[in-house]
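# Architecture at a glance
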Amino acid sequence: MKDFVYDGGVRILYGAGQMETVAREIAKLGRQVLVVPTSSFLAGGHYEKLKQALTGAGLQVACLNAGKRPLLSKVNEGIRLCTEEKIKVVLGIGGGVSMDLAKAIAFGALHTDVPMERFLTGEVSTQGLSMLPVVTIPTNPMSGSETNADVQITLDESGLQVGCGVGKAVFTWLNPEYVLSLPGNILAYGQMTAFVQLSINYLNPTRSPLAEHYAEASMQTILECLRRSLADGSDADARGTLLLNSALALFGLNDLGREGEFAPYPLQSFAQRYLGLDYPRALTGLFPYWLKEIYRASADKAIFHRYFSELLGVSVGEKTEEALLQEALVALKGLYREFGIAFAYSELAADPQNHAKLVEIIDSFGPMPCRIMPLTTERMAKMIEDAIAGNLD
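These remarks concern the structure in this document. (Residues numbered from 1 in each chain as written. Predicted model: local features only at pLDDT ≥ 70, side-chain atom pairs only at ≥ 80, totals over all residues. Heavy atoms only, no water.)

Turning our attention to the overall build of the chain. Broken down by element type, the chain carries 16 helices and eight strands. Dimensions of the chain, computed from the C-alpha atoms along their principal axes, are close to 65 × 45 × 45 Å. Counting every position in the chain, which comprises 393 residues, the buried fraction comes to 55%. The long-range fraction of contacts in the chain, counting pairs at least 24 apart against all pairs at least 6 apart in sequence, stands at 78%. The chain carries 34 positive and 43 negative side-chain charges, and their two centres are separated by 4 Å. (Helix = DSSP H or I, 4+ residues; strand = E, 2+ residues; numbered from the N terminus. Buried < 20%, exposed > 50% of the residue type's maximum accessible area, 1.4 Å probe, protein only. Contact = heavy atoms within 4.5 Å. Lys, Arg positive; Asp, Glu negative; His and termini not counted. Charge placed at Lys NZ, Arg CZ, Asp CG, Glu CD.)

Structure follows, in C-alpha coordinates:
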(Lines give C-alpha, C1' and ligand atoms only; values in the text may rest on other atoms or scores of the structure.)
Protein backbone atom coordinates (compact mmCIF):
# COMPACT_ATOMS: atom_id res chain seq x y z
CA MET A 1 0.00 0.00 0.00
CA LYS A 2 1.01 3.59 -0.66
CA ASP A 3 1.01 6.23 2.12
CA PHE A 4 -2.36 7.98 2.47
CA VAL A 5 -4.51 10.28 4.60
CA TYR A 6 -8.20 9.35 4.94
CA ASP A 7 -10.86 11.87 5.89
CA GLY A 8 -14.47 10.83 5.17
CA GLY A 9 -15.66 14.33 5.97
CA VAL A 10 -19.37 13.86 5.20
CA ARG A 11 -22.05 12.98 7.77
CA ILE A 12 -24.70 10.54 6.60
CA LEU A 13 -28.30 10.83 7.82
CA TYR A 14 -30.26 7.73 6.86
CA GLY A 15 -34.00 7.10 6.98
CA ALA A 16 -37.37 8.45 5.88
CA GLY A 17 -38.09 10.11 9.23
CA GLN A 18 -35.21 12.59 9.13
CA MET A 19 -36.86 15.57 7.39
CA GLU A 20 -37.16 17.82 10.45
CA THR A 21 -33.61 16.96 11.50
CA VAL A 22 -32.38 17.80 7.99
CA ALA A 23 -34.14 21.18 8.09
CA ARG A 24 -32.66 21.98 11.51
CA GLU A 25 -29.17 20.96 10.41
CA ILE A 26 -29.37 23.11 7.29
CA ALA A 27 -30.55 26.06 9.40
CA LYS A 28 -27.33 25.78 11.41
CA LEU A 29 -25.36 26.39 8.21
CA GLY A 30 -27.29 29.44 7.00
CA ARG A 31 -30.76 30.88 6.52
CA GLN A 32 -30.74 31.48 2.75
CA VAL A 33 -30.82 28.21 0.80
CA LEU A 34 -30.54 27.53 -2.92
CA VAL A 35 -32.18 24.21 -3.77
CA VAL A 36 -30.99 22.51 -6.99
CA PRO A 37 -33.45 19.66 -7.66
CA THR A 38 -34.17 17.46 -10.65
CA SER A 39 -37.34 17.93 -12.68
CA SER A 40 -38.67 14.58 -11.43
CA PHE A 41 -38.23 15.63 -7.78
CA LEU A 42 -40.12 18.84 -8.51
CA ALA A 43 -42.92 17.01 -10.35
CA GLY A 44 -43.24 14.11 -7.90
CA GLY A 45 -44.63 16.13 -4.99
CA HIS A 46 -41.56 15.67 -2.77
CA TYR A 47 -40.27 19.22 -3.26
CA GLU A 48 -43.26 20.97 -1.70
CA LYS A 49 -43.05 18.83 1.45
CA LEU A 50 -39.34 19.50 1.77
CA LYS A 51 -39.77 23.23 1.12
CA GLN A 52 -42.46 23.35 3.82
CA ALA A 53 -40.05 21.76 6.31
CA LEU A 54 -37.28 24.20 5.34
CA THR A 55 -39.45 27.29 5.62
CA GLY A 56 -40.86 25.92 8.88
CA ALA A 57 -37.31 25.95 10.22
CA GLY A 58 -37.04 29.64 9.33
CA LEU A 59 -35.18 29.23 6.03
CA GLN A 60 -35.59 31.35 2.90
CA VAL A 61 -35.65 29.08 -0.16
CA ALA A 62 -34.67 29.80 -3.76
CA CYS A 63 -34.90 27.09 -6.42
CA LEU A 64 -32.94 26.32 -9.59
CA ASN A 65 -34.10 23.36 -11.72
CA ALA A 66 -31.02 21.24 -12.48
CA GLY A 67 -32.27 20.09 -15.88
CA LYS A 68 -30.95 16.95 -17.57
CA ARG A 69 -27.29 17.89 -18.08
CA PRO A 70 -24.73 19.54 -15.77
CA LEU A 71 -24.17 22.53 -18.03
CA LEU A 72 -21.66 25.28 -17.31
CA SER A 73 -24.38 27.83 -18.14
CA LYS A 74 -26.49 26.33 -15.35
CA VAL A 75 -23.55 26.66 -12.93
CA ASN A 76 -23.15 30.32 -13.86
CA GLU A 77 -26.89 30.88 -13.46
CA GLY A 78 -26.69 29.39 -9.97
CA ILE A 79 -23.69 31.56 -9.08
CA ARG A 80 -25.66 34.66 -10.09
CA LEU A 81 -28.59 33.50 -7.97
CA CYS A 82 -26.29 33.06 -4.98
CA THR A 83 -25.15 36.65 -5.32
CA GLU A 84 -28.63 38.08 -5.88
CA GLU A 85 -30.33 36.08 -3.10
CA LYS A 86 -27.36 36.23 -0.68
CA ILE A 87 -27.35 32.43 -0.55
CA LYS A 88 -25.53 30.80 2.37
CA VAL A 89 -26.20 27.07 1.69
CA VAL A 90 -26.67 25.05 -1.51
CA LEU A 91 -28.82 21.89 -1.47
CA GLY A 92 -28.48 19.41 -4.37
CA ILE A 93 -31.30 16.89 -4.81
CA GLY A 94 -31.39 14.07 -7.35
CA GLY A 95 -28.64 12.26 -9.23
CA GLY A 96 -25.11 13.23 -10.15
CA VAL A 97 -26.29 16.12 -12.35
CA SER A 98 -28.00 18.08 -9.57
CA MET A 99 -25.39 17.28 -6.92
CA ASP A 100 -22.43 18.16 -9.17
CA LEU A 101 -24.18 21.40 -10.11
CA ALA A 102 -24.79 22.20 -6.43
CA LYS A 103 -21.14 21.70 -5.53
CA ALA A 104 -19.88 23.66 -8.53
CA ILE A 105 -22.28 26.54 -7.78
CA ALA A 106 -21.29 26.58 -4.10
CA PHE A 107 -17.63 26.78 -5.08
CA GLY A 108 -18.05 29.34 -7.84
CA ALA A 109 -20.17 31.61 -5.64
CA LEU A 110 -17.12 32.38 -3.51
CA HIS A 111 -14.73 32.86 -6.44
CA THR A 112 -16.58 35.09 -8.87
CA ASP A 113 -13.34 36.87 -9.84
CA VAL A 114 -12.28 33.77 -11.83
CA PRO A 115 -14.47 32.25 -14.57
CA MET A 116 -15.62 28.81 -13.40
CA GLU A 117 -14.44 27.22 -16.64
CA ARG A 118 -10.82 27.95 -15.72
CA PHE A 119 -11.17 25.91 -12.52
CA LEU A 120 -12.97 23.07 -14.29
CA THR A 121 -10.32 22.73 -17.01
CA GLY A 122 -7.46 22.80 -14.50
CA GLU A 123 -6.11 26.15 -15.70
CA VAL A 124 -6.56 27.47 -12.15
CA SER A 125 -6.20 25.18 -9.13
CA THR A 126 -9.02 24.73 -6.60
CA GLN A 127 -6.64 23.47 -3.93
CA GLY A 128 -7.06 25.23 -0.59
CA LEU A 129 -10.08 27.23 -1.76
CA SER A 130 -13.36 27.19 0.12
CA MET A 131 -16.99 26.96 -0.97
CA LEU A 132 -20.44 27.60 0.48
CA PRO A 133 -21.77 24.75 2.64
CA VAL A 134 -23.40 22.03 0.54
CA VAL A 135 -26.00 19.44 1.52
CA THR A 136 -26.94 16.57 -0.80
CA ILE A 137 -30.03 14.38 -1.08
CA PRO A 138 -29.58 11.58 -3.65
CA THR A 139 -32.70 10.17 -5.30
CA ASN A 140 -30.98 8.09 -7.98
CA PRO A 141 -28.12 6.15 -6.35
CA MET A 142 -25.25 5.95 -8.78
CA SER A 143 -22.19 8.16 -8.87
CA GLY A 144 -21.34 8.81 -5.23
CA SER A 145 -21.46 12.57 -5.87
CA GLU A 146 -23.33 12.95 -2.58
CA THR A 147 -20.16 12.14 -0.62
CA ASN A 148 -17.20 12.89 -2.89
CA ALA A 149 -15.51 16.20 -3.69
CA ASP A 150 -15.52 16.00 -7.48
CA VAL A 151 -17.73 17.62 -10.09
CA GLN A 152 -18.19 16.85 -13.78
CA ILE A 153 -19.59 19.76 -15.79
CA THR A 154 -20.44 19.95 -19.51
CA LEU A 155 -19.25 22.89 -21.60
CA ASP A 156 -22.29 24.18 -23.50
CA GLU A 157 -20.70 24.85 -26.89
CA SER A 158 -18.33 21.91 -27.28
CA GLY A 159 -20.19 19.33 -25.17
CA LEU A 160 -16.86 18.43 -23.54
CA GLN A 161 -17.06 17.18 -19.95
CA VAL A 162 -14.55 18.80 -17.63
CA GLY A 163 -14.14 18.48 -13.92
CA CYS A 164 -12.16 19.05 -10.77
CA GLY A 165 -12.37 18.63 -7.03
CA VAL A 166 -14.16 21.48 -5.23
CA GLY A 167 -15.10 20.08 -1.84
CA LYS A 168 -17.49 17.70 -0.11
CA ALA A 169 -20.97 18.17 1.27
CA VAL A 170 -21.35 18.86 4.97
CA PHE A 171 -23.88 16.04 5.17
CA THR A 172 -26.10 13.90 2.96
CA TRP A 173 -29.61 12.63 3.63
CA LEU A 174 -30.39 9.15 2.35
CA ASN A 175 -34.17 8.73 2.25
CA PRO A 176 -35.26 5.30 0.90
CA GLU A 177 -38.74 6.64 0.12
CA TYR A 178 -37.28 8.92 -2.55
CA VAL A 179 -35.94 5.87 -4.40
CA LEU A 180 -39.10 3.74 -4.33
CA SER A 181 -40.68 5.57 -7.28
CA LEU A 182 -37.53 5.25 -9.41
CA PRO A 183 -38.30 3.16 -12.54
CA GLY A 184 -36.49 -0.17 -12.70
CA ASN A 185 -34.53 0.61 -15.88
CA ILE A 186 -33.20 3.88 -14.41
CA LEU A 187 -32.26 2.14 -11.15
CA ALA A 188 -30.53 -0.65 -13.12
CA TYR A 189 -28.46 1.76 -15.21
CA GLY A 190 -27.55 3.80 -12.13
CA GLN A 191 -26.45 0.76 -10.16
CA MET A 192 -24.54 -0.83 -13.02
CA THR A 193 -22.80 2.52 -13.49
CA ALA A 194 -21.78 2.31 -9.83
CA PHE A 195 -20.68 -1.31 -10.41
CA VAL A 196 -18.50 -0.21 -13.32
CA GLN A 197 -17.02 2.69 -11.35
CA LEU A 198 -16.09 0.30 -8.54
CA SER A 199 -14.68 -2.17 -11.07
CA ILE A 200 -12.48 0.52 -12.60
CA ASN A 201 -11.06 1.46 -9.19
CA TYR A 202 -10.66 -2.21 -8.28
CA LEU A 203 -8.67 -3.12 -11.42
CA ASN A 204 -5.59 -1.25 -10.29
CA PRO A 205 -2.00 -2.56 -10.35
CA THR A 206 -1.34 -1.06 -6.90
CA ARG A 207 -2.60 -3.72 -4.49
CA SER A 208 -4.42 -3.01 -1.23
CA PRO A 209 -6.20 -5.99 0.42
CA LEU A 210 -8.53 -3.82 2.52
CA ALA A 211 -9.57 -1.68 -0.45
CA GLU A 212 -10.04 -4.76 -2.65
CA HIS A 213 -12.17 -6.63 -0.12
CA TYR A 214 -14.29 -3.56 0.53
CA ALA A 215 -14.88 -3.05 -3.20
CA GLU A 216 -15.79 -6.72 -3.68
CA ALA A 217 -18.38 -6.53 -0.91
CA SER A 218 -19.79 -3.31 -2.34
CA MET A 219 -20.11 -4.78 -5.85
CA GLN A 220 -21.72 -7.96 -4.50
CA THR A 221 -24.18 -5.77 -2.59
CA ILE A 222 -25.12 -4.00 -5.82
CA LEU A 223 -25.85 -7.28 -7.62
CA GLU A 224 -27.83 -8.80 -4.73
CA CYS A 225 -29.94 -5.75 -3.91
CA LEU A 226 -30.50 -4.76 -7.53
CA ARG A 227 -31.95 -8.22 -8.19
CA ARG A 228 -34.22 -7.83 -5.15
CA SER A 229 -35.26 -4.31 -6.14
CA LEU A 230 -36.18 -5.31 -9.68
CA ALA A 231 -38.09 -8.36 -8.48
CA ASP A 232 -40.07 -6.28 -5.96
CA GLY A 233 -40.31 -2.54 -6.53
CA SER A 234 -41.65 -2.02 -3.00
CA ASP A 235 -38.60 -3.55 -1.32
CA ALA A 236 -37.54 -0.43 0.60
CA ASP A 237 -34.75 -2.28 2.42
CA ALA A 238 -33.09 -3.35 -0.84
CA ARG A 239 -33.37 0.11 -2.38
CA GLY A 240 -32.25 1.76 0.84
CA THR A 241 -29.21 -0.51 0.93
CA LEU A 242 -28.36 0.49 -2.64
CA LEU A 243 -28.71 4.14 -1.62
CA LEU A 244 -26.32 3.71 1.30
CA ASN A 245 -23.91 1.56 -0.70
CA SER A 246 -23.65 4.17 -3.45
CA ALA A 247 -22.94 6.89 -0.90
CA LEU A 248 -20.09 4.82 0.57
CA ALA A 249 -18.79 3.21 -2.63
CA LEU A 250 -16.74 6.20 -3.83
CA PHE A 251 -16.13 7.62 -0.35
CA GLY A 252 -12.42 6.82 -0.60
CA LEU A 253 -12.44 3.42 1.14
CA ASN A 254 -11.77 1.49 -2.06
CA ASP A 255 -8.83 3.78 -2.91
CA LEU A 256 -6.91 3.45 0.38
CA GLY A 257 -3.22 2.96 -0.28
CA ARG A 258 -3.65 2.81 -4.05
CA GLU A 259 -2.20 4.96 -6.81
CA GLY A 260 -4.50 6.19 -9.55
CA GLU A 261 -4.27 4.66 -13.02
CA PHE A 262 -5.80 5.32 -16.42
CA ALA A 263 -9.57 5.22 -16.16
CA PRO A 264 -12.05 5.53 -19.04
CA TYR A 265 -13.81 8.68 -17.82
CA PRO A 266 -12.42 10.99 -20.55
CA LEU A 267 -13.15 8.27 -23.13
CA GLN A 268 -16.72 7.99 -21.95
CA SER A 269 -17.16 11.74 -22.47
CA PHE A 270 -15.81 11.37 -26.03
CA ALA A 271 -18.42 8.67 -26.64
CA GLN A 272 -21.10 10.93 -25.21
CA ARG A 273 -20.22 13.68 -27.67
CA TYR A 274 -19.69 11.37 -30.65
CA LEU A 275 -22.88 9.34 -30.17
CA GLY A 276 -25.12 11.65 -28.15
CA LEU A 277 -25.36 9.31 -25.14
CA ASP A 278 -25.86 10.11 -21.48
CA TYR A 279 -23.22 9.35 -18.87
CA PRO A 280 -24.54 5.98 -17.55
CA ARG A 281 -24.95 4.50 -21.04
CA ALA A 282 -21.64 5.87 -22.26
CA LEU A 283 -19.67 4.53 -19.27
CA THR A 284 -21.30 1.10 -19.01
CA GLY A 285 -21.12 0.65 -22.79
CA LEU A 286 -17.40 1.42 -22.90
CA PHE A 287 -16.33 -0.63 -19.88
CA PRO A 288 -16.08 -4.12 -21.51
CA TYR A 289 -13.84 -2.76 -24.26
CA TRP A 290 -11.69 -0.78 -21.85
CA LEU A 291 -11.40 -3.96 -19.78
CA LYS A 292 -10.27 -5.91 -22.84
CA GLU A 293 -7.50 -3.42 -23.67
CA ILE A 294 -6.26 -2.82 -20.13
CA TYR A 295 -6.18 -6.58 -19.41
CA ARG A 296 -4.13 -7.39 -22.50
CA ALA A 297 -1.67 -4.59 -21.77
CA SER A 298 -1.15 -5.43 -18.07
CA ALA A 299 1.97 -7.43 -17.20
CA ASP A 300 0.57 -8.44 -13.80
CA LYS A 301 -2.90 -9.92 -14.27
CA ALA A 302 -3.49 -11.12 -10.68
CA ILE A 303 -6.12 -8.47 -9.84
CA PHE A 304 -7.97 -9.26 -13.08
CA HIS A 305 -8.01 -12.97 -12.24
CA ARG A 306 -9.47 -12.13 -8.84
CA TYR A 307 -12.12 -9.90 -10.44
CA PHE A 308 -13.09 -12.59 -12.97
CA SER A 309 -13.40 -15.18 -10.21
CA GLU A 310 -15.01 -13.21 -7.36
CA LEU A 311 -17.32 -10.90 -9.33
CA LEU A 312 -18.02 -12.66 -12.63
CA GLY A 313 -17.94 -16.26 -11.38
CA VAL A 314 -15.33 -17.36 -13.91
CA SER A 315 -13.00 -20.17 -12.88
CA VAL A 316 -9.40 -19.20 -13.68
CA GLY A 317 -8.03 -22.77 -13.89
CA GLU A 318 -5.67 -23.93 -16.61
CA LYS A 319 -6.61 -21.53 -19.39
CA THR A 320 -4.70 -19.26 -21.71
CA GLU A 321 -4.90 -15.58 -20.82
CA GLU A 322 -6.91 -14.84 -23.96
CA ALA A 323 -9.38 -17.69 -23.38
CA LEU A 324 -9.87 -16.49 -19.79
CA LEU A 325 -10.50 -12.93 -20.98
CA GLN A 326 -13.09 -14.03 -23.54
CA GLU A 327 -14.89 -16.17 -20.94
CA ALA A 328 -14.96 -13.22 -18.53
CA LEU A 329 -16.34 -10.90 -21.22
CA VAL A 330 -19.10 -13.41 -21.99
CA ALA A 331 -19.94 -13.55 -18.28
CA LEU A 332 -19.99 -9.74 -18.11
CA LYS A 333 -22.27 -9.67 -21.15
CA GLY A 334 -24.63 -12.04 -19.35
CA LEU A 335 -24.71 -9.68 -16.37
CA TYR A 336 -25.51 -6.76 -18.65
CA ARG A 337 -28.30 -8.72 -20.33
CA GLU A 338 -29.77 -9.70 -16.95
CA PHE A 339 -30.20 -6.06 -15.98
CA GLY A 340 -31.14 -4.67 -19.40
CA ILE A 341 -27.83 -2.87 -20.01
CA ALA A 342 -26.63 -2.39 -23.59
CA PHE A 343 -23.40 -4.27 -24.27
CA ALA A 344 -22.59 -2.38 -27.49
CA TYR A 345 -23.17 1.24 -28.41
CA SER A 346 -24.90 0.12 -31.59
CA GLU A 347 -27.82 -0.97 -29.39
CA LEU A 348 -28.26 2.66 -28.34
CA ALA A 349 -27.24 4.87 -31.26
CA ALA A 350 -26.44 4.78 -34.97
CA ASP A 351 -22.75 4.54 -35.90
CA PRO A 352 -21.67 7.94 -37.35
CA GLN A 353 -18.80 6.15 -39.15
CA ASN A 354 -16.73 9.33 -38.98
CA HIS A 355 -13.29 8.34 -37.72
CA ALA A 356 -11.85 11.81 -38.37
CA LYS A 357 -14.54 13.42 -36.20
CA LEU A 358 -13.90 10.97 -33.37
CA VAL A 359 -10.17 11.67 -33.52
CA GLU A 360 -10.88 15.41 -33.44
CA ILE A 361 -13.00 14.98 -30.30
CA ILE A 362 -10.30 12.93 -28.58
CA ASP A 363 -7.50 15.32 -29.52
CA SER A 364 -9.46 18.29 -28.16
CA PHE A 365 -8.96 16.90 -24.64
CA GLY A 366 -5.17 16.68 -24.67
CA PRO A 367 -2.79 13.90 -23.54
CA MET A 368 -3.79 11.31 -20.96
CA PRO A 369 -0.93 9.57 -19.14
CA CYS A 370 -1.06 5.82 -18.53
CA ARG A 371 1.55 3.59 -16.89
CA ILE A 372 0.09 0.36 -18.27
CA MET A 373 0.11 1.07 -22.01
CA PRO A 374 0.85 3.81 -24.56
CA LEU A 375 -2.39 5.75 -24.80
CA THR A 376 -2.48 7.12 -28.33
CA THR A 377 -5.41 8.83 -30.01
CA GLU A 378 -5.83 5.87 -32.37
CA ARG A 379 -5.89 3.41 -29.49
CA MET A 380 -8.60 5.38 -27.73
CA ALA A 381 -10.59 5.73 -30.95
CA LYS A 382 -10.36 1.96 -31.45
CA MET A 383 -11.83 1.32 -27.98
CA ILE A 384 -14.85 3.48 -28.81
CA GLU A 385 -15.26 1.96 -32.28
CA ASP A 386 -15.01 -1.55 -30.81
CA ALA A 387 -17.70 -0.55 -28.30
CA ILE A 388 -19.93 0.62 -31.16
CA ALA A 389 -19.50 -2.62 -33.08
CA GLY A 390 -19.48 -4.92 -30.02
CA ASN A 391 -16.06 -6.21 -31.12
CA LEU A 392 -14.47 -8.36 -28.42
CA ASP A 393 -11.57 -9.65 -30.56
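Burial along strand β8 (residues 171–174) is two-sided: the residues F171 and W173 and T172 and L174 are all buried. Where strand β1 (residues 11–14) lies against β8, four bridges are found, and the strand directions are parallel. Its bridge partner being in β8, L13 is matched across the sheet by W173. Relative to β8, strand β5 (residues 134–138) runs parallel, the two sharing two bridges. (Pairing = 2+ DSSP bridges.)

A few words on the packing of aromatic side chains. Within the structure shown, the criterion is met by ten aromatic pairs. With a centroid separation of 5.4 Å and 80° between ring planes, the pair formed by Y295 and F304 is classed as edge-to-face. F304 carries the same exposure label as Y295, and that label is buried. Ring pairing ties together the aromatic residues Y202, Y295, F304, Y307 and F308, which thus form one cluster. Over the aromatic face of Y189 sits the side chain of R281, whose NZ or CZ is 4.1 Å from the ring centroid. Note that K301 overlies the ring of Y295, its terminal NZ or CZ placed 5.2 Å from the centroid. (Phe/Tyr/Trp six-rings, centres within 6.5 Å; stacked < 30°, edge-to-face > 60°. Lys NZ or Arg CZ within 6 Å of the ring centre and 35° of its normal.)

Attention shifts here to the pairing of β5. Across the five residues that make up β5, a large majority, five, are buried. Of the two faces of β5, both are covered, the one formed by V134, T136 and P138 as well as the one formed by V135 and I137. Summarising the sheet, strand β4 (residues 89–94) and β5 pair through five bridges and their orientation is parallel. Among the inter-strand pairings, G94 is bridged to a residue of β5, identified as P138.

So, on to helix α1 (residues 19–29). Among all positions in α1, only V22, A23, E25, I26 and A27 are buried. Summarising the contacts, the buried residues of α1 are in contact with β1, β2 (32–37), α3 (46–56), β4, β5 and β8.

Where helix α12 (residues 279–297) meets helix α14 (residues 321–338), the closest approach of the two axes is 11 Å, and the angle between their N-to-C directions is 170°. Between α12 and α14, the angle is such that the two are roughly antiparallel. Between α12 and α14 lies a crossing whose hand is right-handed. Residues T284, F287, P288, L291, K292, Y295 and R296 of α12 touch α14, and the partners they reach there are E321, E322, L324, L325, Q326, L329, L332 and Y336. The residue makeup of the contact of α12 with α14, split by class, is nine nonpolar, two polar and four charged. (Axes fitted to C-alpha atoms, helices over the stretch in contact; angles between N-to-C directions. Parallel < 35°, antiparallel > 145°, perpendicular 65-115°, else oblique. Left-handed = near helix turned anticlockwise from the far one by under 90°. Nonpolar A, V, L, I, M, F, W, Y, C, P; charged D, E, K, R; others polar.)

Here T193 shows up in helix α8 (residues 184–202). Exposure remark for T193: the relative accessible area of 0% places this residue in the buried category. Within the structure, T193 has its side chain in polar contact with the backbone oxygen of Y189 (distance 2.6 Å). Apart from residues lying up to four places away in sequence, T193 is in contact with M142, Y279, P280, L283 and T284. (Polar contact = N/O pair within 3.5 Å; in protein donor to acceptor, adjacent residues only side chain to side chain.)

On to the pattern of salt bridges. Per the counting criterion, the structure on display carries 16 salt bridges. Between D386 and K292 there is a salt bridge, with the nearest N and O atoms lying 2.9 Å from each other. With a gap of 94 residues between them, D386 in helix α16 (residues 377–389) and K292 in helix α12 connect regions that are remote in the sequence. Taking relative accessible area as the criterion, K292 reaches 0% and is therefore assigned buried. For D386, the salt bridge identified is with K382, shortest N-O distance 2.6 Å. Of this pair, D386 and K382 both sit in helix α16, four residues apart, roughly one helical turn. For D386, a relative accessible area of 7% corresponds to the buried category. One salt-bridge network, in which partners are shared between bridges, spans R11, E25 and K28. (Salt bridge = Lys/Arg side-chain N within 4 Å of Asp/Glu carboxyl O.)

Our focus in this paragraph is a nonpolar patch on the surface. Residues I12, Y14 and L244 make up a contiguous nonpolar surface patch of about 220 Å² in total accessible area. Along the chain, the position of I12 falls in strand β1. (Patch = residues over 30% accessible without salt bridge, like charges linked within 9 Å, V, L, I, M, F, W, Y side chains within 5 Å. Areas by Shrake-Rupley, 256 points an atom, 1.4 Å probe, with all protein chains shown as cover.)

The subject of this paragraph is helix α13 (residues 302–310). In an α-helix, one turn spans 3.6 residues, which is why side chains three or four residues apart end up on the same side. Of all the residues in α13, the buried ones are I303, F304, Y307 and F308. All buried residues of α13 fall inside an arc of 140° around its axis, so they share one side. Residues of α13 that are buried in the fold lie against α8, α9 (209–231), α12 and α14. (Arc of directions from axis to C-beta.)

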